[in-house]
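Architecture at a glance
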Amino acid sequence: MITSIEFLKRLLELAREAAEVEKEVIPVEEIDKGKAALTELFTSLKSDKTPVNVERIVNDIDEIVKIVRFDGWQDTSSGRREVNKALRSVVAIKYKIKDTDVFDKAYNYIEMYY
């Protein structure tokens, strides 16, 4: 059985891959940024056995990023710092996940998708 953290890592990797493919296929102006790829992917993959914590983490990541990001945030040190800080507040502080791989995959997904 996959642990919650392993499930989250795999979900983040799939979300990043889905975002890459989406950018290649769908014009940027047509992508619905209101519902992020991570949430959509999680919703399509979850089952009765999916850990509840993973759903909470996914929702919190998408919600907090929507609040702190702004157009072009990836190109500014203050933007990257704010997103980094917000993500850490969810992953490391709220959920006590110390696995740097989870944080890195989440940040890479956010940087690419948002």
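Before going further, it helps to spend a moment on the pattern of salt bridges. Pairs can form between side chains of opposite charge whenever their charged atoms are close. Inspection of the entire model under this criterion finds 10 salt bridges. As a salt-bridge pair, K94 and D60 come within 2.8 Å of each other at their nearest N and O atoms. Taken as a pair, K94 in helix α4 (residues 77–94) and D60 in helix α3 (residues 52–68) lie far apart in primary sequence, 34 residues in all. Looking at K94, the relative accessible area reads 51%, which means it is exposed. Here the salt bridges share partners, and the residues they tie into one network are E6, K9, D99 and D101.

Our focus in this paragraph is the environment of N84. Positionally, N84 belongs in helix α4. The class for N84 is partly exposed, based on a relative accessible area of 26%. A sequence separation of 23 residues divides N84 from Y107, and the C-alpha atoms of the two residues are 7.2 Å apart. Non-local contacts of N84, meaning those with residues more than four positions away in its chain, are made with F103 and Y107.

Our focus in this paragraph is the nonpolar core. Across soluble globular proteins, nonpolar side chains have a tendency to be buried as a group. Counting 31 residues, the largest nonpolar core has L8, L11, L38, I61, L87, Y109 and I110 as the members making the most contacts within it. With 8 residues, the single largest contributor to this core is helix α5 (residues 100–113). Non-local contacts of L11, meaning those with residues more than four positions away in its chain, are made with L38, L41, F42, L45, V54 and V58.

Throughout the structure, instances matching the rule amount to 3 aromatic pairs. Between W73 and Y107 the ring centres are 6.2 Å apart and the planes differ by 80°, which places this aromatic pair in the edge-to-face class. Of the two residues, W73 is situated in the loop between α3 and α4 and Y107 in helix α5; the sequence distance between them amounts to 34 residues. The class for Y107 is buried, based on a relative accessible area of 13%.

Procedures and definitions
- Numbers given to residues run from 1 along each chain, matching the order in which its sequence is written.
- For this predicted model, a pLDDT threshold of at least 70 governs which residues receive local features, and a threshold of 80 or more governs which side-chain atom pairs are given and counted, while totals over whole chains, interfaces and linings are taken from all residues.
- The side-chain values count all of the structure's non-hydrogen atoms but skip hydrogen atoms and water molecules.
- One speaks of a salt bridge when a side-chain nitrogen belonging to Lys or Arg is within 4 Å of a carboxyl oxygen belonging to Asp or Glu.
- The helix and strand labels rest on DSSP assignments: H or I over at least four residues marks a helix, E over at least two residues marks a strand, and numbering proceeds from the N terminus.
- Only protein chains enter the accessibility calculation, which uses a 1.4 Å probe; a residue whose area is less than 20% of its type maximum is buried, one above 50% is exposed, and one in between is partly exposed.
- Should any heavy atoms of two residues lie within 4.5 Å, those residues are counted as being in contact.
- Remark: nonpolar core denotes a set of buried residues (Ala, Val, Leu, Ile, Met, Phe, Trp, Tyr, Cys) joined through side-chain atoms within 4.5 Å.
- Put simply, two rings from Phe, Tyr or Trp (the six-membered ring, in Trp's case) pair if the centres are within 6.5 Å, and we call them stacked under 30 degrees between planes, edge-to-face over 60, tilted for the rest.

Keep in mind these numbers describe shape, not what the thing actually does.
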